[in-house]
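Architecture at a glance
The primary structure of each chain is shown beneath.
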Amino acid sequence: MAGKHTRIVAVANEKGGVGKTATVVNLGAALSLEGWNVLIVDMDPQHNTTSGLGIDVEDDGLSVYDLITNGAEYAAKEAICATQWEKLHLLPSHIDLSGAEIELVDEAGRENRLREVLSQVADDYDAIIMDTPPSLSLLTINVFAAASELVVPCQTHPYAYKALEDLFDTISDIREEINPDIRISGIVPTFFDQRTKISRDILERLQTDDRYKDLLYDTAIRVNTTITDSCDQGRPVVFYRRSSYGARDYMALAREFMAR
Ligand SMILES: Nc1ncnc2c1ncn2[C@@H]1O[C@H](COP(=O)(O)OP(=O)(O)OP(=O)(O)O)[C@@H](O)[C@H]1O
Ligand SMILES: [Mg+2]
């Protein structure tokens, strides 16, 4: 089912540490287990997604940085890596990506660099899942410009719930100025902890808030340290320990995602 139905997904939230990277790596891996051809794109100079897939960031290796700053010289395929898992490819990050914003400051069309790069390969994949840094930088804007949809991880914590408003404002600006076609396809509750009242309360608020309830995934990603362990081992949790809560939650999320 590759071709024009390729789902091009930004995973974003300006708030840090809400589970963006965990969602990119594990939703991507879970979709590949379901038989989809998946390309993961790491647009965060912190490169946690790249390491989380067991790929070393090499000083002289090609990365998304080279493609967006020097696209005339390199084809997207040259920078895409296979991973240890069939059907799961990666366009890696590089530390130099943090300088891309300054390098591109005078370039026309700088918001659309990633979009142009991905148009070369989109037909090869069923989904392209893109990680973003926790800020509204040129890198994040490139991801929004390339995306057809946005998945928003939201920690079940009061600050994260509050910050959703700002994110929704940002997205309406993006729709007006950069990409009229981007839609919010889902909010994923993360770090859910059934034992704490605040976590249960915030989930309930998300479920009843008219602004968010129709977008909310039924699957909440529970707090599960196996997710961090698997990341440290350079393996998505669905390949690291299939019986863990983390693996089960991300598999359930993938099935919901496929159905939307
Ligand atoms: N469901 C979870 N349970 C426990 N730990 C988790 C869970 N999801 C993510 N983590 C861990 O919490 C930390 C932050 O998660 P993650 O890196 O995915 O967030 P992020 O939004 O990408 O952060 P940043 O904004 O810095 O990019 C990481 O150490 C990650 O392994
Ligand atoms: Mg991250």
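None of these values were measured; they are calculated from a predicted model.

Section: the overall build of the protein
- Check the secondary structure of the protein and you find 12 helices and seven strands.
- Relative to its length of 260 residues, the protein is compact, with a C-alpha radius of gyration of 17 Å against a globular reference of 18 Å.
- The C-alpha extent of the protein, read off along each of the three principal axes, is 55 × 40 × 35 Å.
- Residue burial in the protein is summarised as follows: out of 260 residues, 54% are buried.
- Roughly 11,600 Å² of accessible area belongs to the protein as shown, and the carbon and sulfur atoms make up 46% of that amount.
- Across the protein, the mean location of the 25 positive side-chain charges is 10 Å away from that of the 42 negative side-chain charges.

Some points on the packing of helix α8 (residues 158-177) against helix α9 (residues 197-208)
- Relative to each other, α8 and α9 sit at 20°, their axes nearing to 9 Å. Classified by the interaxial angle, the pair formed by α8 and α9 is roughly parallel. Along its contact with α8, which presents Pro158, Tyr161 and Leu164, the element α9 presents Ile198, Ile202, Arg205 and Leu206.

What about the nonpolar core?
- With 48 residues, the main nonpolar core has Val41, Leu91, Leu114 and Met130 as its most contacted residues.
- Ranked by the residues each element gives to this core, the list is headed by α8, at seven residues.

Points about helix α10 (residues 225-232)
- Along α10, the positions that sit buried rather than exposed are Thr226, Ile227 and Ser230. Axial view of α10: buried residues confined to an arc of 105°, hence all on one face. Away from its buried face, by an angle of more than 90 degrees, α10 presents the exposed residues Thr225, Thr228 and Asp232.
- Packing partners of the buried residues in α10 comprise α1 (20-33), α11 (237-240) and α12 (245-259).
- Gly234 sits one or two positions beyond α10 and adopts a positive phi of about 70°.

Regarding the site of ligand 1
- Lys20, Thr21, Ala22, Arg222 and Asn224 are the nearest of the 17 residues found near ligand 1.
- Take Lys20: an N or O atom from its side chain is 2.8 Å from an oxygen atom of ligand 1.
- The contact in question runs from an oxygen atom of ligand 1 to an N or O atom on the backbone of Ala22, over 2.8 Å.
- Taken by itself ligand 1 offers 620 Å² of open surface, and the protein chains cover 81% of this.
- Judged by the fraction of its atoms near the pocket grid, ligand 1 is located in the largest pocket.
- Counting only elements with at least two residues in the shell around ligand 1, the list comes to α1 and α10.
- Per element, the largest residue contribution to the shell around ligand 1 is three residues, and it comes from α1.
- Residue classes in the shell around ligand 1 are distributed as seven nonpolar, seven polar and three charged.

Overview of the pairing of strand β6 (residues 149-155)
- Where burial is concerned, most of β6 is hidden: seven out of the seven residues are buried.
- The side-chain alternation of β6 yields two buried faces, one formed by Glu149, Val151, Pro153 and Gln155 and the other by Leu150, Val152 and Cys154.
- Sheet topology note: the strand β1 (residues 7-11)/β6 ladder contains three bridges and is parallel. In the sheet register, Val11 faces β6, and the bridge partner there is Val151.
- Looking at chain direction, β6 and strand β7 (residues 183-190) are connected through seven bridges and run parallel. Its bridge partner lying in β7, Val151 is registered against Gly186.
- Taken together, β6, α8 and β7 form a β-α-β motif whose crossover is right-handed.

What about empty space enclosed by the protein?
- Throughout the structure, instances matching the rule amount to one cavity of 30 Å³ or more.
- As for the largest cavity, its lining consists of Ala12, Asn13, Glu14, Thr132, Pro133, Ser135, Thr140, Phe144 and Leu167.
- For the lining of the largest cavity, the class distribution of residues is four nonpolar, four polar and one charged.

Quick look at the pattern of salt bridges
- What the rule picks out here adds up to 13 salt bridges.
- A salt bridge links Glu165 to Arg211; the shortest N-O distance between them is 3.3 Å. Separated by 46 residues along the polypeptide, Glu165 in helix α8 and Arg211 in the loop between α9 and α10 bring together distant segments of the chain.
- Take Glu165: its relative accessible area is 33%, and that puts it in the partly exposed class.
- Within this structure, Lys162, Glu165, Asp209 and Arg211 form a network of salt bridges that share partners.

Cut-off values and rules
- Residues numbered from 1 in each chain as written.
- Chains lettered and ligands numbered in written order.
- Predicted model: local features only at pLDDT ≥ 70, side-chain atom pairs only at ≥ 80, totals over all residues.
- Heavy atoms only, no water.
- Helix = DSSP H or I, 4+ residues; strand = E, 2+ residues; numbered from the N terminus.
- Rg over C-alpha atoms; globule rule 2.2 N^0.38 Å.
- Buried < 20%, exposed > 50% of the residue type's maximum accessible area, 1.4 Å probe, protein only.
- Areas by Shrake-Rupley, 256 points an atom, 1.4 Å probe, with all protein chains shown as cover.
- Lys, Arg positive; Asp, Glu negative; His and termini not counted.
- Charge placed at Lys NZ, Arg CZ, Asp CG, Glu CD.
- Axes fitted to C-alpha atoms, helices over the stretch in contact; angles between N-to-C directions.
- Parallel < 35°, antiparallel > 145°, perpendicular 65-115°, else oblique.
- Contact = heavy atoms within 4.5 Å.
- Core = buried A, V, L, I, M, F, W, Y, C linked by side-chain atoms within 4.5 Å.
- Arc of directions from axis to C-beta.
- Near = heavy atom within 4 Å.
- Polar contact = N/O pair within 3.5 Å; in protein donor to acceptor, adjacent residues only side chain to side chain.
- 1 Å grid on protein atoms, 1.4 Å probe; cavity = no way out; pocket = protein on both sides within 12 Å on 5 of 7 lines; lining within 4 Å.
- Sits in = over half its atoms within 2 Å of the grid points.
- Nonpolar A, V, L, I, M, F, W, Y, C, P; charged D, E, K, R; others polar.
- Pairing = 2+ DSSP bridges.
- Right-handed = clockwise from strand over helix to strand, strands pointing away.
- Points joined across faces, edges and corners; volume = space filled by probe spheres on them.
- Salt bridge = Lys/Arg side-chain N within 4 Å of Asp/Glu carboxyl O.

So, to be careful, I would describe these as geometric facts and stop short of saying anything about function.
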